[in-house]
Amino acid sequence: MAQPPDHWFDEEAGPLVRPYAMTRGRTRPATGWLDVATQVMAVDSGGDPLGLGPEHQAILRLCRQPLSIAELAAYVDLPLVVAKVLLSDLIERGDVVVRAPEQVASAPGRDLLQAVLDGVRAL
Amino acid sequence: MVSVHSEQIIPASVKVLVAGGFGVGKTTLVGSVSEIPPLSTEELLTEASSGVDDLAGVEGKTTTTVALDFGRITVSPRIVLYLFGTPGQDRFWFMWDELAYGAAGAIVLIDTRRLEASFAAIDFFERRRIPFVVAVNHFEGSYDYEADEVRKALAINDSIPVVACDARKKDSSKLALIKLLEHAMSRLPAAEPKVS
Ligand SMILES: Nc1nc2c(ncn2[C@@H]2O[C@H](COP(=O)(O)OP(=O)(O)OP(=O)(O)O)[C@@H](O)[C@H]2O)c(=O)[nH]1
Ligand SMILES: [Mg+2]
């Protein structure tokens, strides 16, 4: 499997570095690597919602149906990196499930591409 | 991480990038095929102070944002396709890297009046061996070039599909997307022979 994108940055990215802002100083999600297109879904973990901030709760409400991280970030109007950190909190608590990382990180195979092609042709 | 059985209920995502220079029609293309009005999200960047392009002279670190717009096509209950318009400016390369990671491929839009605006995008996908097609967006005053002329001007391989496009029209954007998916499939390694 390919390396996660931390090892994959283009040298030409030059002086841009990963942001250091918000989320109590955390700039990267604790739980694995979350892609912009990763689908997440809320599950009832029985966890105490009191430990959660309003943004966490807004995310949980939005992803009662599976939704991508990019969509969540857009709907709660937070930068992607912030949405990822908040989601990693929720994943650790067991409030949210994601597809297994190996399925989101690699380029789609033949069956998946064929299904997408059929779907797009039918649009 | 909780992911047990989640693949049974959580759809797979497929990413396609829509790239090309400034104002070449990326957002328009995403919007014309998306089932939802294009969404926009942003990524935060911290920029070091060294004198680079238009940031020369800026003291200390500044945080800036790069906007990212994207659309969605629900292919089936199990599969969702996302189209991401890549940020036009070269200094947002790192964003492209994250977007390109695991992507099915890219549609590189070009405006024949200013081809050079899309050179960086072509270079990016070529180097990473990410399948791409070139979609020639027709603007008023742009001349209709043959596919071969476009390939020559862009110095790209004969195997790369070149399609004419009007990003404002759904059918036209859809065709570019179909060409890309077909191209991506043709680039897959041959199917494993079935073990009998
Ligand atoms: N004639 C013509 N105009 C187009 C076409 N596609 C887009 N436009 C127009 O070109 C302008 C720029 O389109 P955008 O979709 O915003 O371009 P973009 O690539 O997203 O631009 P940036 O994100 O700023 O780099 C808009 O006014 C569109 O209406 C096309 O196929 N034909
Ligand atoms: Mg745009």
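What you see is a predicted model, and the numbers here were worked out from it, not measured in a lab. (Residues numbered from 1 in each chain as written. Chains lettered and ligands numbered in written order. Predicted model: local features only at pLDDT ≥ 70, side-chain atom pairs only at ≥ 80, totals over all residues. Heavy atoms only, no water.)

Q: I'm lost on the site of ligand 1 in this one. Help?
A: All names here are of chain B. For ligand 1, the set of nearby residues contains 15 residues, the closest of which are Lys26, Thr27, Thr28, Asn137 and His138. One of the side-chain nitrogen or oxygen atoms of lysine 26 is found 2.8 Å away from an oxygen atom of ligand 1. Here a nitrogen atom of ligand 1 sits 3.3 Å away from a polar atom, N or O, in the side chain of arginine 168. Across the complex, the protein chains shield 68% of the 660 Å² of accessible surface that ligand 1 would expose by itself. The element that contributes the greatest number of residues to the shell around ligand 1 is helix 2 (residues 26-33), accounting for three residues. The residue makeup of the shell around ligand 1, split by class, is four nonpolar, seven polar and four charged. (Near = heavy atom within 4 Å. Polar contact = N/O pair within 3.5 Å; in protein donor to acceptor, adjacent residues only side chain to side chain. Areas by Shrake-Rupley, 256 points an atom, 1.4 Å probe, with all protein chains shown as cover. Helix = DSSP H or I, 4+ residues; strand = E, 2+ residues; numbered from the N terminus. Nonpolar A, V, L, I, M, F, W, Y, C, P; charged D, E, K, R; others polar.)

Q: For this particular structure, what's the right way to read the pairing of strand 2 (residues 39-42) of chain A?
A: In summary, the side chains of a regular strand alternate between the two faces of the sheet. Residue and element names in this part refer to chain A. Side chains Gln39 and Met41 of strand 2 all project onto a buried face; the interleaved residues Val40 and Ala42 project onto the opposite face, where all are buried too. Where strand 2 meets strand 3 (residues 67-68), two bridges bridge the pair, whose relative direction is antiparallel. Within the sheet, the bridge partner assigned to glutamine 39 lies in strand 3 and is serine 68. In terms of strand pairing, strand 2 meets strand 4 (residues 96-98) through three bridges, oriented antiparallel. Bridge assignment links alanine 42 to a residue of strand 4, and that residue is valine 96. (Buried < 20%, exposed > 50% of the residue type's maximum accessible area, 1.4 Å probe, protein only. Pairing = 2+ DSSP bridges.)

Q: Whenever I open this one, the nonpolar core confuses me. Can you help?
A: Within soluble globular proteins, side chains that are nonpolar generally end up buried alongside one another. In this structure, Leu87 of chain A together with Phe84, Phe125, Phe132 and Val134 of chain B are the most contacted members of the largest nonpolar core, which totals 64 residues. A total of eight residues in this core trace back to one element, the largest contributor, which is helix 3 (residues 80-93) of chain A. Non-local contacts of phenylalanine 125 of chain B, meaning those with residues more than four positions away in its chain, are made with Leu17, Ala19, Trp96, Ala106, Val108, Ile130 and Phe132 of chain B. Ranked by size, the runner-up nonpolar core spans 31 residues in total, among them Leu117 of chain A together with Val30, Val133 and Leu181 of chain B. (Core = buried A, V, L, I, M, F, W, Y, C linked by side-chain atoms within 4.5 Å. Contact = heavy atoms within 4.5 Å.)

Q: How should the packing of helix 3 (residues 93-100) of chain B against helix 4 (residues 119-127) of chain B be read in this particular structure?
A: Angle between the axes and distance between the axes: these two values describe a pair of packed helices. Residue and element names in this part refer to chain B. Orientation of helix 3 relative to helix 4, taken along the N-to-C sense of each, is 45°, at an axis distance of 12 Å. Here helix 3 is positioned oblique relative to helix 4, judged by the angle of their axes. Crossing handedness for the pair helix 3 and helix 4: right-handed. Two secondary-structure elements touch here, helix 3 through Trp93, Trp96, Asp97 and Ala100 and helix 4 through Ala120, Ala121, Phe124 and Phe125. Split into classes, the residues belonging to the contact of helix 3 with helix 4 amount to seven nonpolar, no polar and one charged. (Axes fitted to C-alpha atoms, helices over the stretch in contact; angles between N-to-C directions. Parallel < 35°, antiparallel > 145°, perpendicular 65-115°, else oblique. Left-handed = near helix turned anticlockwise from the far one by under 90°.)

Q: What is the right way to look at the sheet that holds strand 2 of chain A in this model?
A: Overall, antiparallel pairing links the three strands, which are arranged 3-2-4 (chain A) in an open sheet. Because the sheet does not close on itself, it has two edges, and the strands there are strand 3 and strand 4 of chain A.

Q: Sorry, what's going on with the pattern of salt bridges here?
A: A side chain of one charge can pair with a side chain of the opposite charge if their charged atoms are brought near each other. Counting across every chain of the model gives 13 salt bridges over all chains. Where lysine 84 of chain A meets glutamate 98 of chain B, a salt bridge forms, and the shortest distance between an N and an O atom there is 2.3 Å. Of this pair, lysine 84 of chain A sits in helix 3 while glutamate 98 of chain B sits in helix 3, on two different chains. Each member of the pair, lysine 84 of chain A as well as glutamate 98 of chain B, is classed as buried. Among the ionic pairs, arginine 72 of chain B bridges to glutamate 35 of chain B, the shortest N-O distance being 3.3 Å. Remark: glutamate 35 of chain B occurs in the loop between helix 2 and strand 2 (39-47) and arginine 72 of chain B occurs in strand 3 (residues 62-76); sequence separation between them is 37 residues. Among the charged side chains, a network of salt bridges with common partners joins Glu71 of chain A together with Glu35 and Arg72 of chain B. (Salt bridge = Lys/Arg side-chain N within 4 Å of Asp/Glu carboxyl O.)

Q: Sorry, what's going on with helix 2 of chain B here?
A: For the α-helix, the turn length of 3.6 residues means that residues three or four positions removed from each other point alike. By the burial criterion, the buried members of helix 2 of chain B are Lys26, Leu29, Val30, Ser32 and Val33 of chain B. The arc enclosing the buried residues of helix 2 of chain B, seen along the axis, measures out at 165°, which places them on a common side. (Arc of directions from axis to C-beta.)

Q: Before we go on, may I ask you to explain the environment of aspartate 69 of chain B in this structure?
A: Residue and element names in this part refer to chain B. Note on placement: aspartate 69 falls in strand 3. Put simply, aspartate 69 and tyrosine 82 are 13 residues apart on the chain and 10 Å apart in space, counted from C-alpha to C-alpha. Not counting residues up to four positions away in its chain, the partners in contact with aspartate 69 are Thr27, Leu39, Ser40, Leu83, Phe84 and Gly85. In this structure the side chain of aspartate 69 is engaged in a polar contact, spanning 3.0 Å, whose partner is the side chain of threonine 27.

Q: What is the right way to read the packing of aromatic side chains from this model?
A: The geometry of two aromatic rings is summed up by the distance between their centres and the angle between their planes. Residue and element names in this part refer to chain B. Summed over all chains, the structure comprises six aromatic pairs over all chains. Clustering of aromatic rings is evident, with ring pairs tying together Trp96, Phe124, Phe125 and Phe132. The cationic tip of arginine 128 hangs over the ring face of phenylalanine 124; the distance from NZ or CZ to the ring centre is 3.9 Å. (Phe/Tyr/Trp six-rings, centres within 6.5 Å; stacked < 30°, edge-to-face > 60°. Lys NZ or Arg CZ within 6 Å of the ring centre and 35° of its normal.)

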